[in-house]
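Coordinates in review
Read off the chains here:
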Amino acid sequence: MDLVAVAQAGLGYRGAEGRVIMGDMLEFGARLRAHRCAAGLSQQELAGKSGLSAKTIGNLERGRARWPHPSSVLRLADALELSAADRSEFVAAADRRLSGAGGPPAPRQHRDPGTAADVTAGYRHGLPLDTAAFTGRDAQLELIMAVPDGAGPGGVVTLRAVAGMPGVGKTALAVHAAHLLTGAFPDRQLFIDLHGHTPGRDAVRPEDALAGLLAAVGVDPGFLPADLAGRAVLWRDKMAGQRAVLVLDNAASSAQVTPLLPGGGSSLVLITSRRHLADLPGAVVPVLVGTLPPAQARAMFRQLAPRQAGADAALVDELAGLAGNLPLAVSLLARLHARHPSWTLADLIAETRGSLLTLSAEHDSIAAAFDVSWRYLDAARQRLLALLGLHPGPDADAYASAALAGVPVALARQMLDDLHREGLLIETGHRRYRMHDLIRSYALGQARAIMTADEREAALGRLVGYYTRTAARADALTVSRVRATPPREPQPVAAGSEWPDLGGGAAALTWTRAERPNLLACLDHVTGTGQAAKVVALTAVLGGLLRRDGPWAEAVTRHAVAAQAARSVDDRPGLADALLRLGTAQGLAGNYQDAIGTLAAALGVYRDLTDRVGQAGALLELGHVEMLTDDYQSAADSIGQGLEIYRAADDKPGQAGALILLGGVRRRSDDFAGAAIALSQGLDICAALGDRAGQAHALRELGDVRRLTGDYQAAIGHLERALALSRADDDRLAQANALTWLGGVRRLTGDNRAAVADLEQALRIQAGLDNLNGQGNALTLLGEARQATGDYEAAARDLEHALRLFRRLGSPSGQAQVLGWLGDLRRETGDYAASAVHLAETLRLSRSLGDKGGEATALNSVGQLHYAQGDTGLALACHQQALDLAREIASPWDEAHALVGLGRCARADGDLPLARGLLGQADTIFCRTGAGEAAGLSAEIDSIGDGQPAARPP
């Protein structure tokens, strides 16, 4: 059969190696049908093996279900028992469909928020799997799907509150409805479990839920506002104009939910809760969910237990009645019946009637179903289910389960699959499982019944040990070796321990982000139970992730607790490390004075311990914070001391970090030659180490040095390389910084259109990160570029916004730069009084900082203002001072502008030869550096040859 016939028939043919062969021309649905037919399965049989509904499989094969969910594709591949090659082609066909025209965007790499919130993040389409056996609920679906006419751009936020008793199927209804409404709300679909009624877990705080949601829409968690109000405002801003459906599952209260609601746009919010949430704002449509009508409960059972399709309706009704017509209990009994093919319905009814009812009357039917399922598990699976009830985190994979149970990973994986098939676990990702709240409560009760307190604590100890050791391995692979905190001695590894394959840095970071909620839950457990040594160890291995992903306010809290725990057990090395991480986090959060005090304390402990490498790390972090406060001399001293220690220890990563920081300090201190030497040395070491993040940092700093020394093409080359490295590392902050400085250099070359494009992109990223300093820098340069194009209104708006940000941050250097450009802008628009005020403040700030480059720029601007007002004497004095400073620090840009000012003054005074000579010198510099001013200045020099009087530019 040829491939055309294969495509038409929806079949495949087997090659010599036994594989089903199909061409790329085939659609995913045809490929699915071909594999199913080759396996000799009906749609109903494939549904039973995969856990999907027969209707879903039929829709996929006919092309009616346009976008197969990645999890569904993997479940189908497992059920079809595809070979490795067939599986790869099968998944690739789905991937092509997902990324093709008209389909949803492919999932983006994301940073796991790592809060208590279990949020489906990083996907525009991030809903859990639709329930395979969803049945009935027509009236409730009609209420949910009655979207107001205002839905659409500029429409309204629609709220639906889905309420009902446990196990009644609230989540399944909300998820099913959300899947049905993806066409009406195509921009984004998100799901978050708020754990309002999860046994053993506190309800998710609104600020933590917002951290997860903001991460899902692309906000870097490291730059989240620390307070609930700030996060809520940012969330509403991000959702403005979005046509999105948001499922807020398992809500505890209106107070928990209200900050999570979008403020505008055209979103649908589905809120599930066991409680009636009466205090939600706006018009909330209640959707009450009761038990299933008997006919629907019967239909659900038959769908999940297909061999009873022709069974006596009375017996099925009786069984459903014993399950209370609750979907959760019905599904458990159906799966139990499917696992015992020799049982009749009468047998299952007898088993259910004979089970021990352990919960309250409202939950009797669910308890009965649990008891029956429990009784027919073997002892090993009973024990694992009970232990999973003890797990403090939201989910578990085979490795964590193996550690918890003390069994090999292969056995744990098999038992998890069995428990999932029994309906006792929910698969949230590839071989990752969580429990329904009621099953967790039941499992926790069984753990207390069949195990002693010592046995339970030993299991949790194994789990915490596994997470701590694996996180330490991941941390070593993902944290940049430049300026890294000194590593702690790892915990001893038990014989026979097994680990996930962390591969390189990218895989290790993916693992850490996926496990972050579990890691933090374990940290909360050891903190709450007073296990101080484990608090210190687990917080330490989380340090790299907290530094990279934040939120930094949480990092401050976690490291402060670790420092106190270290003090309580007199762990001096642990205390030094915790203080170092705490000071770093305080600096990232902008608490500079607290950071300096904490880092000084860390340095003191390291000195008491005679830990030289620890001292060097503390000195580098201290120098970095001192640089951010514009105390360049102290920063250079601290970093220099650290560098000497690293050199004495022959510590190459430490030397690279110190040299890059030292280069940054020298650049800010106008020592461009010294900065270039230090940065080049640091860059070479990072390249030898293969540290891309370190290389990108060095190249950004070096690019700015080249800009300041007038080598614009070299600057562009360095910054483009830095941008490429940062994109390869998916480091959004580093990308934004590179784009900012790249836009600044393009402005200097006169390529204002490209400059604006780079700077607007940088600004979008920085705003998404909520990085105020980064936004201020991008806005300043964007204002300069727009001013150069004559768009004074937009330029003023950008510069004034930047000034507000720098004042909020308390950054004198940032304020000085913005005020200088605002002064130039006011002069160009004729507002000389405002210009004088701005430039006087710029000059004062630059001198107070010892910033000779900033002072030279400000003096040139003041000279231009005097010249525009007709006072050539004062203008001449200002430009001469600027020229002297520019030559002292070797700043060609400032030198050329001082020469231009002096030349214009000479021309105004009638000394045309001198004017031509001075302007010619400036022109030479502009041409050598490739500055955009070169073209205009050449025309001005030519006009002097005609003996024309000087025209006073504004």
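Presented here is an overview of the structure given in this document. Computed from a predicted model, the values in this text were never measured in an experiment.

What counts and how
Residues numbered from 1 in each chain as written. Predicted model: local features only at pLDDT ≥ 70, side-chain atom pairs only at ≥ 80, totals over all residues. Heavy atoms only, no water. Helix = DSSP H or I, 4+ residues; strand = E, 2+ residues; numbered from the N terminus. Buried < 20%, exposed > 50% of the residue type's maximum accessible area, 1.4 Å probe, protein only. Contact = heavy atoms within 4.5 Å. Salt bridge = Lys/Arg side-chain N within 4 Å of Asp/Glu carboxyl O. Phe/Tyr/Trp six-rings, centres within 6.5 Å; stacked < 30°, edge-to-face > 60°. Lys NZ or Arg CZ within 6 Å of the ring centre and 35° of its normal. Arc of directions from axis to C-beta.

1. Description of the environment of valine 409
On the secondary structure map, valine 409 appears in helix H19 (residues 409–421). By relative accessible area, valine 409 is classed as buried at 4%. Taking the C-alpha atoms as reference, valine 409 lies 7.0 Å from glutamate 498; in sequence the two are 89 residues apart. Setting aside anything within four residues of it in sequence, one finds valine 409 in contact with Ala398, Tyr399, Ala402 and Glu498.

2. Structural notes on the environment of alanine 656
Following the sequence through the fold, alanine 656 ends up in helix H30 (residues 652–668). A sequence separation of 13 residues divides alanine 656 from leucine 643, and the C-alpha atoms of the two residues are 8.7 Å apart.

3. Quick word on the pattern of salt bridges
Taken as a whole and judged by the stated rule, the model has 33 salt bridges. A salt bridge links glutamate 760 to arginine 786, with the shortest nitrogen-to-oxygen separation between them at 2.5 Å. With glutamate 760 in helix H35 (residues 752–769) and arginine 786 in helix H36 (residues 772–788), this residue pair connects regions lying 26 residues apart in the sequence. Several salt bridges converge on common partners, so that one network encompasses Arg667, Arg668, Glu701, Asp704 and Arg707.

4. So, the packing of aromatic side chains
For any pair of aromatic rings, geometry is given as the distance between the ring centres together with the angle between the planes. For the coordinates displayed, the defined rule picks out 2 aromatic pairs. Centroid distance tyrosine 466 to tyrosine 467: 5.3 Å. Interplanar angle 50°. Geometry classified as tilted. Judged by relative accessible area, which is 3%, tyrosine 466 ranks as buried. Sitting above the plane of the tryptophan 499 ring, arginine 473 keeps its charged end 3.9 Å from the centroid.

5. Description of helix H15 (residues 345–353)
Looking at H15, one finds that the buried residues are Leu345, Leu348, Ile349, Glu351 and Thr352. The arc that holds every buried residue of H15, seen down its axis, measures 160°, which confines them to one face.

6. What to know about the side chain of glutamate 207
As for its position among the elements, glutamate 207 is in helix H9 (residues 206–216). If sequence neighbours within four positions are ignored, glutamate 207 has contacts with Leu228 and Arg231.

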